[in-house]
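Structural overview
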There are 2 protein chains.
Amino acid sequence: MPSSTVENYLKQIYLMQQGDEALISMGHIAIAMGVVPGTATSMIKTLADSGLVEYEPRGGVRLTTGGRKLALHVLRRHRLVELFLVKVLGLDWSEVHAEAEELEHSISDKVIDRIDDVLGHPSVDPHGDPIPSAKGHVNDRPTMSLANCETETSLRVARVIDQDPAFLQFASRSGLTPGVSVKVESREAVAGAVSVKPQGAKAVTLGTAAAQKILVEPY
Amino acid sequence: MPSSTVENYLKQIYLMQQGDEALISMGHIAIAMGVVPGTATSMIKTLADSGLVEYEPRGGVRLTTGGRKLALHVLRRHRLVELFLVKVLGLDWSEVHAEAEELEHSISDKVIDRIDDVLGHPSVDPHGDPIPSAKGHVNDRPTMSLANCETETSLRVARVIDQDPAFLQFASRSGLTPGVSVKVESREAVAGAVSVKPQGAKAVTLGTAAAQKILVEPY
DNA sequence: GGCCTCATTTTGACTCCTCAAAATAAAATA
DNA sequence: TATTTTATTTTGAGGAGTCAAAATGAGGCC
Ligand SMILES: [Mn+2]
Ligand SMILES: [Mn+2]
Ligand SMILES: [Mn+2]
Ligand SMILES: [Mn+2]
């Protein structure tokens, strides 16, 4: 049985990894995990010894098939828990990430399967993040963000990729939650500002950094 | 923030302690926690250093006020989680103890309060064990067991004090679950056997050990 | 009192995860 | 190419929780 530390490292590597052969540097892992670089190096070596990652000294690290499988298992628990906390217990979407960060390690498969049933086998969590299936399949819909989508087109918010409670609260206050229809009214590339009009709410102006965190898809 | 190890020790001491000044021996703690005696001794010393228990070398250990408060907090989480798993997720009462043993350490107060709301502020868990209040108050109804109650009287099962799945499954199969009305038809002290008739089920004969685990109260 | 037995405590060691700080390799710059 | 900067790895150490095995204490028994 992997420790929660192992689960957290694997999940983090999965989330940072772009594509299957990309290498993640020790420095980035250390920052993401909130540890000193030496700690990351030594932990990664242990993961490599367990066959969960491939480690290239001074190059970086990537998940093996086994490591990815485990990471997806944790991610599935995390996202199902988040959705459950919102739908069944009525917590706000801005606070469930922190809760799920702990619960993902102590919830059994039996309980997770029951939660999945109760929720009707959902495909995305409250933030629009895809929920991996029990077999480890992820349905990653290709999406663009408010920072690079077409203007004056009918779009829908698909996903908000930031777990910061303050940002999430701002997003829902502005009407920018997954499922909502939006239209980009204007984009000032030089000024780095995007003006968005969510259906049934006032238009908002976002900076590029914020706009990149709101993923949208054609409506 | 106390570690799960600390929480488990405190909860265990609370459950074993009869009365406020009783001392629990190191040997008993070691057995209950599934560790070697030396481990219990050293762990108890750390708890004593944290002011959670009073430790009398070669005498035993008892909870301080602070230790009991923490133990009750854990027990509250444990029992609310058990009930939640049964009522909301539909798990069997025989399997929830093991699940709660893990979840009790990772569920936040916020989530526990929501669970408490959803369940309507229950006073007992699926096994009839009292759920401590958030302030640490326990409502311990005085009860007798099938091994020592009156015969031919209308009684009600109040509590089943054994977490062994096999025993719990046997109990529900026999119709002996909290809330059910029962009548003791006969008791053969020398033979160590009790014959019980649950309402709406066939009469069962229990040995003394089993009978002691079924607590009943006047109907 | 002296001895035996059993529970408890002590000692030394080990795993897991972490940090601080020194050593090293690689990359960037001059 | 030589030098400086930056990332990574190594080394040494510590806390938490555990075990194995030796030492100690307290009663009970002769
Ligand atoms: Mn986590
Ligand atoms: Mn999420
Ligand atoms: Mn526990
Ligand atoms: Mn219970």
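Data block above holds the structure.
This section reports on the structure supplied with the text. (Residues numbered from 1 in each chain as written. Chains lettered and ligands numbered in written order. Predicted model: local features only at pLDDT ≥ 70, side-chain atom pairs only at ≥ 80, totals over all residues. Heavy atoms only, no water.)

Overview of the layout of surface pockets
Regions of empty space are outlined by a rolling probe, equal in size to a water molecule, passed over the atoms. Of the voids in this model, the largest pocket is the one considered here, and its volume is about 1400 Å³. Lining the largest pocket are 48 residues, with A:Asn8, A:Lys11, A:His78, A:His97 and A:Glu101 sitting closest to its centre. Where the lining of the largest pocket is concerned, the elements lending two or more residues are helix H1 (4-16), helix H2 (26-33), helix H4 (65-87) and helix H5 (96-103) of chain A together with helix H1 (4-16) and helix H4 (65-87) of chain B. Residue contributions to the lining of the largest pocket peak at six residues, all from H1(A). Partitioning the lining of the largest pocket into residue classes produces 13 nonpolar, 17 polar and 18 charged. Empty space within the second largest pocket amounts to approximately 760 Å³. (1 Å grid on protein atoms, 1.4 Å probe; cavity = no way out; pocket = protein on both sides within 12 Å on 5 of 7 lines; lining within 4 Å. Points joined across faces, edges and corners; volume = space filled by probe spheres on them. Helix = DSSP H or I, 4+ residues; strand = E, 2+ residues; numbered from the N terminus. Nonpolar A, V, L, I, M, F, W, Y, C, P; charged D, E, K, R; others polar.)

Looking at the interface of chain A and chain B
Of the residues lining the interface, 17 residues belong to chain A; the matching set on chain B comes to 17 residues. For the chain A and chain B pair, buried surface summed over both sides reaches about 1400 Å², with 66% attributable to carbon and sulfur atoms. The interface formed by chain A and chain B contains two salt bridges. Salt-bridge contacts for A:Lys110 lead to B:Glu95; the nearest nitrogen and oxygen are separated by 2.8 Å. Linking chain A with chain B are seven residue pairs in polar contact (both at pLDDT 80 or more). Looking at the side of chain A that touches chain B, the elements with two or more residues in it are H4, H5 and helix H6 (109-118) of chain A. With five residues, H6(A) is the largest single contributor of residues to the side of chain A that touches chain B. (Contact = heavy atoms within 4.5 Å. Buried area = accessible area lost by both parts, 1.4 Å probe. Salt bridge = Lys/Arg side-chain N within 4 Å of Asp/Glu carboxyl O. Polar contact = N/O pair within 3.5 Å; in protein donor to acceptor, adjacent residues only side chain to side chain.)

Some thoughts on the coordination of the manganese ion (ligand 3)
Residues and elements named next belong to chain B. Taken together, the protein donors to the manganese ion (ligand 3) comprise Asn 8 (OD1), Glu 101 (O), Glu 101 (OE), Glu 104 (OE) and His 105 (NE2), at separations of 2.0 to 2.4 Å. Each donor residue of the manganese ion (ligand 3) belongs to the same chain, and together they define the spacing N-x92-E-x2-E-H. Of this pair, Asn 8 sits in helix H1 while Glu 101 sits in helix H5 (residues 96-103), and the two are 93 residues apart along the sequence. (Donors = N, O, S within 2.8 Å, 3.2 Å for Na, K, Ca; no water.)

Concerning the relation of the copies chain A and chain B
Relative to chain B, chain A is turned by 180° and slid 0.0 Å along the rotation axis, the superposed coordinates differing by an RMSD of 0.1 Å. A rotation of that kind, with that shift, is consistent with a two-fold axis. Most of the interface of chain A is mirrored in chain B, where 100% of its interface residues are also at the interface. (Least-squares fit on C-alpha atoms with pLDDT ≥ 70 in both.)

Structural notes on the coordination of the manganese ion (ligand 1)
All names here are of chain A. Coordination sphere of the manganese ion (ligand 1), protein contribution only: Asn 8 (OD1), Glu 101 (O), Glu 101 (OE), Glu 104 (OE) and His 105 (NE2), at 2.0 to 2.5 Å. Donor residues for the manganese ion (ligand 1), ordered by position in the chain, follow N-x92-E-x2-E-H. One end of the pair, Asn 8, is in helix H1; the other, Glu 104, is in the loop between H5 and H6, with 96 residues separating them in the sequence. We classify Glu 104 as buried; its relative accessible area is 0%. (Buried < 20%, exposed > 50% of the residue type's maximum accessible area, 1.4 Å probe, protein only.)

Observations regarding the protein's contact with DNA strand C
The immediate surroundings of DNA strand C are formed by 20 residues, with A:Ser3, A:Thr39, B:Gly27, B:Lys45 and B:Tyr55 found nearest. Restricting attention to atoms of DNA strand C within 4 Å of the protein, one finds that 78% of them are sugar or phosphate atoms. A distance of 2.7 Å separates a phosphate oxygen of DNA strand C from a polar side-chain atom of A:Thr39. Side-chain polar atom of B:Tyr55 to a phosphate oxygen of DNA strand C: 2.3 Å apart, as the coordinates give it. Elements that contribute at least two residues to the surface near DNA strand C include exactly H1 and helix H3 (37-49) of chain A together with helix H2 (26-33) and helix H3 (37-49) of chain B. The leading source of residues in the surface near DNA strand C is H3(B), at four residues. Broken down by class, the residue content of the surface near DNA strand C amounts to eight nonpolar, nine polar and three charged. (Near = heavy atom within 4 Å.)

Shape is all these values report; function is a separate question.
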